Amino acid sequence: MPLDRRSFVLGLGGAALAPGLAWSQDWTPPPPDRELRVPVRGGSIYVRVNGDLAGPRAPVVFARGGPGSNHAYFLGALKMAGERAVVLYDQLDAGLSDRPNDPANWTVERYVSEVDAIRAALDLRRLHLVGHSWGSTIALEYAARQPGGLLSATLGSPLISTKSWERSTTAQLAKLPPDIQRVVNAHEAAGTTDSPEYARAMETFYAAYLSRGPRADYVLAYRDGLVRKTNGRVYLGMWGPGEIRATGLLKSYDGEPLLPRIAAPTLVVTGEYDEMTADVLRPLAARIPKAELKVIPGAGHALPSTHPDAYVALVRAHLARNDGI
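Sequence positions are assigned chain by chain, starting from 1 and proceeding in written order. The model is predicted, so local features are restricted to residues of pLDDT at least 70 and side-chain atom pairs to those at 80 or more, both for listing and for counting; the totals for chains, interfaces and linings are taken over all residues. Side-chain numbers come from the whole structure's heavy atoms, not from hydrogens or water.

Visitor: Residue-level account of the packing of aromatic side chains, with values.
Guide: Pairs of aromatic rings are described using the distance from one ring centre to the other and the angle between the two planes. Between rings of Phe, Tyr and Trp, where Trp is taken as its six-membered ring, a pair exists when centres lie within 6.5 Å; planes separated by under 30 degrees are stacked, by over 60 edge-to-face, and by other angles tilted. In the structure shown here, the tally under the stated rule is six aromatic pairs. Between the aromatic rings of Phe62 and Phe74, the centroid separation amounts to 4.9 Å while the plane-to-plane angle is 55°, which identifies the pairing as tilted. Placement of the pair is Phe62 in strand E3 (residues 60-63) and Phe74 in the loop between E3 and strand E4 (86-89), with a sequence separation of 12 residues. Burial classes: relative accessible area under 20% of the type maximum marks a residue as buried, over 50% as exposed, and values in between as partly exposed (1.4 Å probe, protein chains only). Taking the relative accessible area as the measure of exposure, Phe62 reaches 1% and is therefore buried. Taken together, the ring pairs connect Phe62, Tyr73 and Phe74 into an aromatic cluster. Lysine and arginine charges are scored as sitting over a ring when NZ or CZ, respectively, is within 6 Å of the ring centre and within 35 degrees of the ring normal. A cation over an aromatic ring shows up here: Arg110 above the ring of Tyr111, its NZ or CZ 4.4 Å from the ring centre. In this structure, Arg212 is placed above the aromatic ring of Tyr273, and the distance from its NZ or CZ to the ring centre is 3.9 Å. The helix count covers DSSP runs of H or I at least four residues long, the strand count covers runs of E at least two residues long, and both are numbered beginning at the N terminus.

Visitor: Tell me about the nonpolar core, and please be specific about residues and values.
Guide: Residue types Ala, Val, Leu, Ile, Met, Phe, Trp, Tyr and Cys, when buried and joined through side-chain atoms within 4.5 Å, form a set referred to as a nonpolar core. Residues Ile45, Val47, Tyr89, Leu122, Leu140 and Leu250 are the most contacted members of the largest nonpolar core, which totals 54 residues. Contact criterion: two residues are considered in contact whenever any of their non-hydrogen atoms come within 4.5 Å of each other. Every residue in contact with Val47, bar those within four places of it in the chain, is listed here: Arg34, Glu35, Leu36, Val38, Val87, Leu88, Tyr89, Ile118 and Leu122. Val60, Phe74, Leu303 and Leu319 belong to the second-largest nonpolar core, a separate cluster that totals 24 residues.

Visitor: Just give me the short version of helix H6 (residues 217-225), but keep the residues and values in it.
Guide: Taken residue by residue, H6 has Tyr218, Val219 and Arg223 as its buried positions. Each buried residue of H6 sits inside an arc of 130° when the element is viewed along its axis, so together they form one side. Seen from the open side of H6, the exposed residues pointing more than 90 degrees away from its buried face are Asp217, Ala221 and Gly225. By arc we mean the arc of the directions from the helix axis to the C-beta atoms, nothing more.

Visitor: Mind laying out the pattern of salt bridges, listing which residues take part and the relevant values?
Guide: Within this document, salt bridges are pairs made up of a side-chain nitrogen of Lys or Arg and a carboxyl oxygen of Asp or Glu, the two lying within 4 Å of each other. Summed over all chains, the structure comprises 13 salt bridges. The partner of Glu109 in a salt bridge is Arg41, and the shortest N-O contact between them spans 2.5 Å. Here the residue Glu109 occupies a position in helix H1 (residues 108-122), and Arg41 occupies one in the loop between strand E1 (34-40) and strand E2 (43-50), the gap between them amounting to 68 residues. Taking relative accessible area as the criterion, Glu109 reaches 39% and is therefore assigned partly exposed. Between Glu256 and Arg287 there is a salt bridge; the shortest N-O distance is 3.0 Å. Placement of Glu256 in the loop between helix H7 (232-238) and strand E7 (266-271) and of Arg287 in the loop between helix H8 (278-285) and strand E8 (291-296) is noted, with a sequence separation of 31 residues between them. In this structure Glu256 comes out as buried when scored by relative accessible area, which is 9%.

Visitor: Describe unusual backbone geometry, and please don't skip the residues or the numbers.
Guide: For the bond from Gly66 to Pro67, the omega torsion is -15°, close enough to zero to count as cis. With respect to the secondary-structure elements, Pro67 resides in the loop between E3 and E4. The phi dihedral of Ser133 falls on the positive side, at around 60°, and the residue is not glycine. By relative accessible area, Ser133 is classed as buried at 0%. Notably, Ser157 is not glycine yet its phi reads approximately 40°, a positive angle. You can see Ser157 is positioned in the loop between strand E6 (150-156) and helix H3 (162-173). For Ser157, a relative accessible area of 0% puts it in the buried group.

Right, here's the structure in full:
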C-alpha cells in the first residue's frame, strides 16, 4: 500500500525496536556499481545496480512503496550484493526519475511495465521480484502474468486490494484513543484533511503503525543527499491525503482475483504492528498456491528501514530457496 506522503517509509519516530532488531550502525552502504537511465512510457527512470548481474544466483529487483517515495528505504538489501545483484530503482515521478507529473502515467499497468523495461535494459533472463507496500501491488500484478524467468515474488506489507487495506487500517485506527478516531474520521468525511488537527491525529496513527523504530544514520544521510526525494503530488493523486482511506486513482483497486494466478513461490511479510495486519493478510496469502506468511515482531509498516536485519534475513532465505541452482 502507499506510504504517508509527508514522511513516506522513512518514518516518524515512535516506539523502540524489539531487542536484537536495531540497525547495524557499523555498516556503510556501498556506492552503486552501475547507474543508468531506463526509458519507460512517459519518460525515463533511475536504476542502480550492486553486484554481479551474471553471477550464479539470480538478481533481485526491489519495487518500493509510495506512490511517490524513493528507493532509500531498501538500502539494507544491499547487504545481499555479495551473493547476487541487487537492483533498486525509482518509479516515474519519484526520486531520481523523471517527473512529468502527468496523471495519464499514473496507472497500475504502466508502473508494472517498468519491470519489463528494467529487465530488457539489464538483460535479466532470471530474476526475483520484491515489492513493499504499493510496490507489492506491482509485484503482485507482474507475478500474476506468470512471466518467464520469474523465480520468486515477495509481497511486503502489501496493497492487494483497497477494500482489504481499508479493512486493516480502520481496524488499527479503532485501537487508538477515541479522540484520535473522532478527529480522523470527521476530517476525512468532511474532506478537511488539510487541517492541522487532522495532521496531529495522523501523527499518532503513523507512530503506532508506520514507523516503530529509529532509522540508521546512513539512511538519513543517503536520503538527505538525494537531489530529488519524495513526490507528494503523485501520492495524493493516486492514493489520497492519508494512509487510512483511499480517495485517489487507487480507490477501487482490487488485485484479489490475481492471487490464484501467481505461480512463483511467494513470501508475504508484514510487521506485528503494520498498517496491513497479519489477520487481514492471512486469508489473502492462502489464495496464492505457493505462499508463506511471515510476521516481523515489533515492526510497523516501515519495516525495511526500521527492522532491516530481520527483513533482509527473511528475503535472503526466500531467494536462496528458490534460486534453482
